[in-house]
Amino acid sequence: MFKFLRGVVAGSGTGIKDLPYYIGEPYSTAWGSWTHYRGTSKDDGSLVSIFSLSGSNAQDGHLAAGRNGVRRLRTVRHPNILSFLRSTEAETFDGTVMKVTIYIVTEPVMPLSEKIKELGLEGTQRDEYYAWGLCQIAKAVSFLNNDCKLVHGNVCLSSVVVTQTLDWKLHSFDVLSEFDGKNEASTGPMLQYEWLIGSQYKPMELSKSDWALIRKSPPWAIDSWGLGCLIYELFSGMRLAKTEDLHNTGSIPKSLLPDYQRLLSSTPARRLNASKLIDNGEFFQNMLVETIQFMEILNLKDSVEKDTFFRRLPNLAEKLPRQIVLKKLLPLLASALEFGSAVAPALTALLKMGSWLSTEEFNVKVLPTIVKLFGSNDRAIRVSLLQHIDQFGESLSAQVVDEQVYPHVATGFSDTSAFLRELTLKSMLILAPKLSQHTISGSLLKYLSKLQVDEEPAVRTNTTILLGNIAGYLNEGARKRVLINAFTVRALHDTFSPARGAGVMALCATSSYYDTAEIATRILPNVVVLTIDPDGEVRSKAFQAVDQFLQIMKQHNEKMNMDDSNGTSSIGIPSIAGNSSLLGWAMNSLTLKGKASEQAPLALANASTPLASATSSTSSVANTADTVAIPASLVSDLADQPAPTSPTSTDSWGELEDVIHDGHNGNKDGWDDIDPFEEQKPPPALASIQAAQKQPVSQPKPQGWG
């Protein structure tokens, strides 16, 4: 028995004493004498539905039927039957007249008739949604009739409600009774509260109260008739006014018409069992039904079936009703990914569906799943996340990135797959601005120090470009310690010409962070050497850089000559437009193809992304699909160049792996006291210049006057 409480209704919107729910506005329709209210929990504000039924005294027949409905709804559980949460009964007084009210609290639902109007579906999409809903109600009726040997008694449009995920559920159990077909000798009514059923919904035997015939008929006879009434009301768009209207079949789909007529057979024994209705191949096997059914039994599918399905899903979702995709398929897809039953291609479908949500809904319905996926051990999932990070990265909060996302992403820096290492690098363009200084200095820079001597030239190049793009997010101490060492000692001495070019571009893009002493003694001497680089593009960039840094020095000289009291030794100018676009190009230009050990041929993309907007327009950074072939001369040059020093070897930078895996507690990040690459023997002219750079500058001694 449910719990009876005697309380006082405190007023509209305040709920009932001792009932932890607020009663809101009522819906315009409900089954029988019940009133259907919107409701919310007092504890957490979660939504519920509250049904109420009032009577003048405790012996009122409607109340007795209502109590039967409460008891039945509480004990009968099925995915397609309304979920019961709580019930109570209260007494109130209107003057001297006592009124008894029954309350049932359920999951939040809406009357089907109102949901149909709200969705406004038409044509094929309407029929597909109706097919899905009827399939659910047929399963609920079949469960009652065939498994529980119960008779609902009044299946119709009013007895169906719709959940927030647009699932149809059966309720209104006031008339529900056991089927006692074995007691054929009994002449009394089998349905105690059959008087609640509208005459238009009663089959002939029930209208005549022919209980003997009813008991001889199959358990589904009455409810199969009700399913026919429901189908008529759905497709006609009207409430059933009289039984004769069921003969008007003009609105019934032709593929459903034979089953509709069998449901409404005048002979109870010949009526179609609800369990057979869903076997109608033509009407119920449509695109929407098949998609939802596949998702609901995903665990039973093999990997090939899953992969094929999820690769088709993004295009399939475009053809399905948008509201059903967002409210039904999207939650199913998010759950499947979160619990590991979906494969990596499902992430593409999730993000496609998520793009149709508002920003607020995306952050609630999609983003939490994505954050959890970063902890997945599935490499394919990790790759897919990094490839699509431009679609959701901006929505991640700084705290979530720093505490939940980055620790998992960082494992990609040391992954054995060069492709995954490169994707991890590119993701930092979006994630690095959200990292704390502690994480940047204590972790990120140490990984980048290691990757700048990676065995893959594309990874080394992109590491340099990444440093140039995130320089603004480093603190001043880190910039002083890292940038010049990374760009001059490492990048400019790389054996891979695009890496040297990237070093020059990065220096130009970060020119405002260097003082004049650093430019004169550390930057210009290293850049000038590249004006005789074997690669023409590197030479061109070197000349641009020399011009830019000489311009800085000239401005500094002019200000010193003018004794400008506001002048400082750290004067700089922004990067020039040409180099800005080149720095954006480098991140798009290098895509690893095939195995990690394959260094050529590489690919180059169009140079179209300015550095000035690098952090705000990184959606194009990770997209390397539009590529053109690298010039043959560059390929031949690469073939003649030796491979760089392996990152696992011990050099003057120390054991970087030990630093990284020690929890990043050290103060050094790998760029202190570094030495250049072990490079191939330079041409004689270049060797002379480099030797001259290494000689100490000695001051001439003053000559005495004799």
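Predicted, not measured: the structure shown is a model, and the values here were computed from it.

## Digging into the UniProt feature "repeat: HEAT" (unreviewed entry) in the protein chain
Here is step 1: Under the UniProt annotation, "repeat: HEAT" (unreviewed entry) lies at residues 366-404 and 523-561.
Here is step 2: Overall, residues 366-404 shows 59% helix and 0% strand. The separation of its end C-alpha atoms is 16 Å.
Here is step 3: Annotated as 85% helix and 0% strand, the span residues 523-561 places its first and last C-alpha atoms 23 Å apart.

## Here's the deal with the pairing of strand 3 (residues 47-55)
Here is step 1: Among the 9 residues of strand 3, 7 are classified as buried, and the element is accordingly described as predominantly covered.
Here is step 2: Where strand 2 (residues 35-41) meets strand 3, 6 bridges bridge the pair, whose relative direction is antiparallel. Bridging across to strand 3, Tyr37 finds its partner in Ile50.
Here is step 3: Between strand 2 and strand 3, which pair antiparallel in sequence order, lie 5 residues; one of them, Gly45, sits at a positive phi of approximately 75 degrees.
Here is step 4: As paired strands, strand 3 and strand 5 (residues 97-106) are joined by 7 bridges and run antiparallel to one another. Each residue of the ladder has a partner; that of Phe51, found in strand 5, is Ile104.

## Concerning the sheet that holds strand 1 (residues 21-26)
Note on sheets: strands pair through backbone hydrogen bonds, and any given pair is parallel or antiparallel.
Here is step 1: Spatially, 5 strands are ordered 1-2-3-5-4 in an open sheet, and the strand pairing comes out antiparallel. Each edge of the open sheet is held by one strand with a lone partner, namely strand 1 and strand 4 (84-94). Taking the axes of each pair of neighbouring strands and ignoring which way they run, one obtains an average angle of 30 degrees across the sheet.

## Observations concerning the nonpolar core
Here is step 1: Grouped together as the largest cluster of nonpolar side chains are 166 residues, with contacts concentrated most on Leu134, Trp168, Phe392, Phe413 and Phe549.
Here is step 2: In terms of residues, this core owes the most to one element, helix 3 (residues 123-147), which gives 12 residues.
Here is step 3: In terms of domain composition, this core takes at least three residues from each of domain 1 (21-108) and domain 2 (111-287).
Here is step 4: The residues touching Phe392, leaving out its near neighbours within four places in the chain, are Leu351, Phe362, Leu367, Ile370, Phe374 and Leu385.
Here is step 5: Leu19, Tyr21, Val48 and Ile50 belong to the second largest nonpolar core, which has 8 residues in total.

Parameters at a glance
Residues numbered from 1 in each chain as written. Predicted model: local features only at pLDDT ≥ 70, side-chain atom pairs only at ≥ 80, totals over all residues. Heavy atoms only, no water. UniProt positions renumbered as here; feature names shortened; annotations may be inferred. Helix = DSSP H or I, 4+ residues; strand = E, 2+ residues; numbered from the N terminus. Buried < 20%, exposed > 50% of the residue type's maximum accessible area, 1.4 Å probe, protein only. Pairing = 2+ DSSP bridges. Axes fitted to C-alpha atoms, helices over the stretch in contact; angles between N-to-C directions. Core = buried A, V, L, I, M, F, W, Y, C linked by side-chain atoms within 4.5 Å. Domains from an automatic or database assignment. Contact = heavy atoms within 4.5 Å.

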